[in-house]
Amino acid sequence: MAIQGPIPVSYTMVFPHGCYIVGEVEPVKDFDASSNGRFVQARDKQTQELVWQVAVMDGDPTLKPAQKTVAVKILAPVQPVPPQPMPGLPFTPVEFNGMSVTPYVNAAGRLAYSIKVREMYAPRQTAQPAQTAKASAGKDAA
C-alpha cells in the first residue's frame, strides 16, 4: 500500500466549520519512558520532535456534543503559545498548518483519528464585510 504512516490533510478538510481552543497546551506524557513519578515528555516517532496537546472544539453544528471536543497534538521543540482570545467570543478561534491524521481503532472498537499538526495560529481574515468593502471602494474612487 502506498500510504504508510500519518496521512497529510488540510485544515479545511478536518475542520470545515473552524475550531476553538477549549483547553491549555500541555506536554504529552510518554507512558513507556515515565516511571516512579518521573515525567518524560513524548516525542514523535517519525520526527523526534516533542509532542504537545491542546483540546479544541469543532465548530460543526451537526456534531453530537460528545463528538465536538478532540485533542490535537502539536509537534514543536518548545511549548506552543495559543493565539490571543478575540473580544466578545467565549472561545479562542484557532487554525493549524502541517496537519496529518492517523487512523486507529479506539477502546470501544470504533474507528478514530489521531490529529497531529506542525503549527498553530490565529485564523486569517479572508473576506471583508460587504459594507466595509463598499466603503473602501468609494474612498479609492475619490
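Reading guide: rules and limits
Residues numbered from 1 in each chain as written. Predicted model: local features only at pLDDT ≥ 70, side-chain atom pairs only at ≥ 80, totals over all residues. Heavy atoms only, no water. Core = buried A, V, L, I, M, F, W, Y, C linked by side-chain atoms within 4.5 Å. Buried < 20%, exposed > 50% of the residue type's maximum accessible area, 1.4 Å probe, protein only. Helix = DSSP H or I, 4+ residues; strand = E, 2+ residues; numbered from the N terminus. Contact = heavy atoms within 4.5 Å. Pairing = 2+ DSSP bridges. Phe/Tyr/Trp six-rings, centres within 6.5 Å; stacked < 30°, edge-to-face > 60°. Lys NZ or Arg CZ within 6 Å of the ring centre and 35° of its normal.

**Focus on the nonpolar core**
Okay, step 1: In terms of nonpolar packing, the biggest core is built from 20 residues, with Phe-15, Val-54, Val-56, Val-72, Phe-96 and Met-99 touching the most fellow members.
Okay, step 2: For this core, the elements supplying multiple residues, two or more each, are strand S2 (19-21), strand S4 (51-58), strand S5 (69-75), strand S6 (92-97) and strand S8 (111-117).
Okay, step 3: Residue contacts for Met-99: discarding those within four places in its chain leaves Ile-7, Pro-8, Val-9, Ser-10, Tyr-11, Val-14, Phe-15, Ile-115, Lys-116 and Val-117.

**Some remarks on the pairing of S8**
Okay, step 1: Burial runs high along S8: five of the seven residues are buried.
Okay, step 2: Where S5 meets S8, three bridges bridge the pair, whose relative direction is parallel. Looking at S8, one finds that Ile-74 is bridged to Val-117.
Okay, step 3: In this sheet, S8 lies alongside strand S7 (residues 100-105) in antiparallel orientation, the contact comprising six bridges. Looking across to S8, one finds that Tyr-104 is bridged to Ala-112.

**Description of the environment of Gln-41**
Okay, step 1: Tracing the chain through its elements places Gln-41 in the loop between strand S3 (26-27) and S4.
Okay, step 2: Take Gln-41: its relative accessible area is 19%, and that puts it in the buried class.
Okay, step 3: Remark: the alpha-carbon pair of Gln-41 and Trp-52, spanning eleven residues in sequence, is separated by 8.5 Å.
Okay, step 4: Excluding residues that lie within four positions of it along the chain, Gln-41 makes contacts with Pro-27, Val-28, Asp-30, Leu-50, Val-51 and Trp-52.

**Notes on the pairing of S4**
Okay, step 1: Pairing between S2 and S4: three bridges, direction antiparallel. Counted as the bridge partner of Cys-19 is Asp-58 from S4.
Okay, step 2: By the bridge criterion, two bridges tie S3 to S4 in an arrangement that is antiparallel. Paired with Pro-27 across the strands is Trp-52, a residue of S4.
Okay, step 3: Of the pairings in the sheet, the one linking S4 to S5 comprises seven bridges and is antiparallel in character.

**Digging into the packing of aromatic side chains**
What characterises a pair of aromatic rings is the spacing of the ring centres plus the angle enclosed by the ring planes.
Okay, step 1: Summed over all chains, the structure comprises two aromatic pairs.
Okay, step 2: Aromatic side chains Tyr-11 and Phe-15 sit 5.8 Å apart centroid to centroid with 45 degrees between the ring planes, which places their arrangement in the tilted category. With respect to burial, Tyr-11 and Phe-15 carry one shared label: buried.
Okay, step 3: Where Tyr-11 meets Phe-96, the ring centres are 6.5 Å apart and the plane angle is 50 degrees; that geometry is what we call tilted. With a gap of 85 residues between them, Tyr-11 in helix H1 (residues 11-14) and Phe-96 in strand S6 connect regions that are remote in the sequence. Residue Tyr-11 shares its accessibility class with Phe-96, and that shared class is buried.
Okay, step 4: An aromatic cluster of three or more residues is present, and its members are Tyr-11, Phe-15 and Phe-96.
Okay, step 5: Here the basic side chain of Arg-124 rests over the ring of Tyr-121, its NZ or CZ set 4.3 Å away from the ring centre.

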